[in-house]
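Tertiary structure, described
Given next are the chains, with one letter for each unit.
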Protein chains: 2
Amino acid sequence: MIPSAEELKLAHEQIQAFVHNTPVLTSSSINKLYGNDLFFKCENFQKMGAFKMRGALNALTNLDDEQKSKGVVTHSSGNFAQALSLAAKSLGIKAYIVMPESAPEIKKRAVAGYGGIISICASTIEAREQAANHIVKNQGATFIHPSDNIDVIIGQGTAAKELLEVHPNLHAIFTPVGGGGLIGGTALACHYSNDDVLCFGGEPKNADDAKRSLEAGHIIKPESPNTVADGLKTYLGEHNFPIIRKLVEDIFLVEETEIICAMRDIWERMKMIVEPSSAVALAAVKKSGIRNQKIGVIISGGNVDLNTLPF
Amino acid sequence: MIPSAEELKLAHEQIQAFVHNTPVLTSSSINKLYGNDLFFKCENFQKMGAFKMRGALNALTNLDDEQKSKGVVTHSSGNFAQALSLAAKSLGIKAYIVMPESAPEIKKRAVAGYGGIISICASTIEAREQAANHIVKNQGATFIHPSDNIDVIIGQGTAAKELLEVHPNLHAIFTPVGGGGLIGGTALACHYSNDDVLCFGGEPKNADDAKRSLEAGHIIKPESPNTVADGLKTYLGEHNFPIIRKLVEDIFLVEETEIICAMRDIWERMKMIVEPSSAVALAAVKKSGIRNQKIGVIISGGNVDLNTLPF
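Quick caveat: nothing in here was measured; it's all calculated off a predicted structure.

**Let's talk about helix α10 (residues 209-216) of chain A**
Residue and element names in this part refer to chain A. D209, A210, K211 and S213 are the residues of α10 that are buried. The inward-facing, buried residues of α10 contact β8 (198-204), α11 (241-247) and β9 (250-254). One or two positions beyond α10, positive phi appears at G217, with a value near 85°.

This is the structure in structure tokens:
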């Protein structure tokens, strides 16, 4: 049920030629503010600006030749659409991307720019799923879920794996929690590290479905979540929930003001552009009460619209 | 007259425990836009957010014990004030910083936060120099010029030295040109590299004193320069001008719109916060007409006010 250390290692070997081994940055002034020695794994500098490139590549690499020849399909209005398009392009595979008509033009252009074949559908989950199923049926394409796919989960874990290769003796790693792919993969990397590194999540209080799912012991879907961390409005899935339940230490909830404050701290003090979702992980470090430890933080991505900053 | 390769090497050895060996980032989409393989040496991720930390540290390290015990003084309203304060703090030396009364509160607070001892003076060059001279006379402090000091110049060259250590076969390195410390040091690092790497500068057309100085063969001071790249309004000095004249290949002038466009390209595509001055170097790459080469770009710093962005 839990993927093996060998699978994580293999995933990293498979994808490393196609991704950046992103830098790990530190900041004395952030350390002072947050009371720990923080090591930021900067997936905002990853290709297409987010960790999602890793999972998409790993899922594609694990397809057999017939599957590769028929292409892949996903529905997404966000980073995974771009990630799958670019990953597929890198490997010479066709990617069909179902996007809701409400998706911003800039995201449609980005997907098209990476070579994704876009199908526009109505802006409901049902319409998206129907459109994707249609492509699976007609083209024989393989559906790749953005977070609830075991190869995607393992692929996302390679960011933490790289972080632990250079900083093996961390006390813990924090990630944001959205669909569960990143924290699931990170929990695997922590679990298979040599030093019992703990894995914690950060989640907006306004989108606390993962925290509640852990407490309830089954997946709870959010009801109209309203948070600035728009990448975290999704919910856990059947493939990542068991991993998270078993291997994640805890999830800390953070307020919207805490997210925006952490985001501004990173922008101003570390000179890097991060999405609100990434700031959730840093805000969670403060919320956790953990102090004077070496802590890893996965900066999930940097895809923000500079015209609509929350500060 | 031209500092030796040995001096550059020694500078790097002396300061490397106190600075970040900043990451070198690349971006496929920027490469496509600018027609070259670009390698960005990210001094925006340097301590206090700019390359100036390097020169300040090297100048301080080269003081004798008596000088160290009496402290140092500079006048600056910008990054060098913070750099000298932090460098001095790292080495247990007193730093007196003369700042004009017109300097933004945020910069005064930053200097004070790094332990600098601030003297406020009137907002003229004469008043600044007078106040600094007063401290030299009364405290016995050593004056350190932000760019026209040979140890500062050599220290700034260590950024390009680190870049060339990981990417030795660059065709050229581009830097912005302000007071001449960064480009002077970078020219030294290129000159002493194994592969005849060229050194080019970028300068705002609205502050083209360095370009005109090279053409005239003597230092020309700018007349009320008006550019968004506010770090580049200064002029060359007697210590860096001979180095620049001898070792810099050319300086390219760029328009304000080109600076802002390059800045936005870096923010949006590389997810990092850079000052307008840093964007001048990238804009100059485009202006140079050089294509299909491996080019280094020194990103000088990331200290911008998020409330007053030019886009």
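**A look at the pairing of strand β2 (residues 37-42) of chain A**
Residue and element names in this part refer to chain A. The buried fraction of β2 is high, at five of six residues. Pairing analysis gives two bridges linking strand β1 (residues 24-25) to β2, with the strands arranged antiparallel. In the sheet register, L25 faces β2, and the bridge partner there is F40. Inspection of the sheet shows β2 paired to strand β10 (residues 294-299) by six bridges, in the parallel sense. Looking at β10, one finds that F39 is bridged to G296.

**Quick notes on the relation of the copies chain A and chain B**
For the pair chain A and chain B, the superposition axis carries a translation of 0.0 Å, the fit reaches an RMSD of 0.0 Å, and the rotation angle comes to 180°. This pairing of chains is accounted for by a two-fold axis. Closest approach to the rotation axis within chain A is made by the C-alpha atom of A:M272, at a distance of 2.2 Å. The residues that chain A uses at the interface reappear at the interface of chain B in 100% of cases, marking a shared surface.

**Observations concerning the packing of helix α3 (residues 52-61) of chain A against helix α5 (residues 79-91) of chain A**
Residues and elements named next belong to chain A. The contact between α3 and α5 brings their axes to 8 Å, and the two run at 45°. Compared by their axis directions, α3 and α5 come out oblique. The hand of the α3/α5 crossing is right-handed. When α3 is examined against α5, the residues K52, M53, A56, L57, L60 and T61 are found in contact with a partner set consisting of N79, F80, A83, L84, L86, A87, A88, S90 and L91. Class assignment of the residues belonging to the contact of α3 with α5 gives a composition of eleven nonpolar, three polar and one charged.

What counts and how
Residues numbered from 1 in each chain as written. Chains lettered and ligands numbered in written order. Predicted model: local features only at pLDDT ≥ 70, side-chain atom pairs only at ≥ 80, totals over all residues. Heavy atoms only, no water. Buried < 20%, exposed > 50% of the residue type's maximum accessible area, 1.4 Å probe, protein only. Helix = DSSP H or I, 4+ residues; strand = E, 2+ residues; numbered from the N terminus. Contact = heavy atoms within 4.5 Å. Pairing = 2+ DSSP bridges. Least-squares fit on C-alpha atoms with pLDDT ≥ 70 in both. Axes fitted to C-alpha atoms, helices over the stretch in contact; angles between N-to-C directions. Parallel < 35°, antiparallel > 145°, perpendicular 65-115°, else oblique. Left-handed = near helix turned anticlockwise from the far one by under 90°. Nonpolar A, V, L, I, M, F, W, Y, C, P; charged D, E, K, R; others polar.

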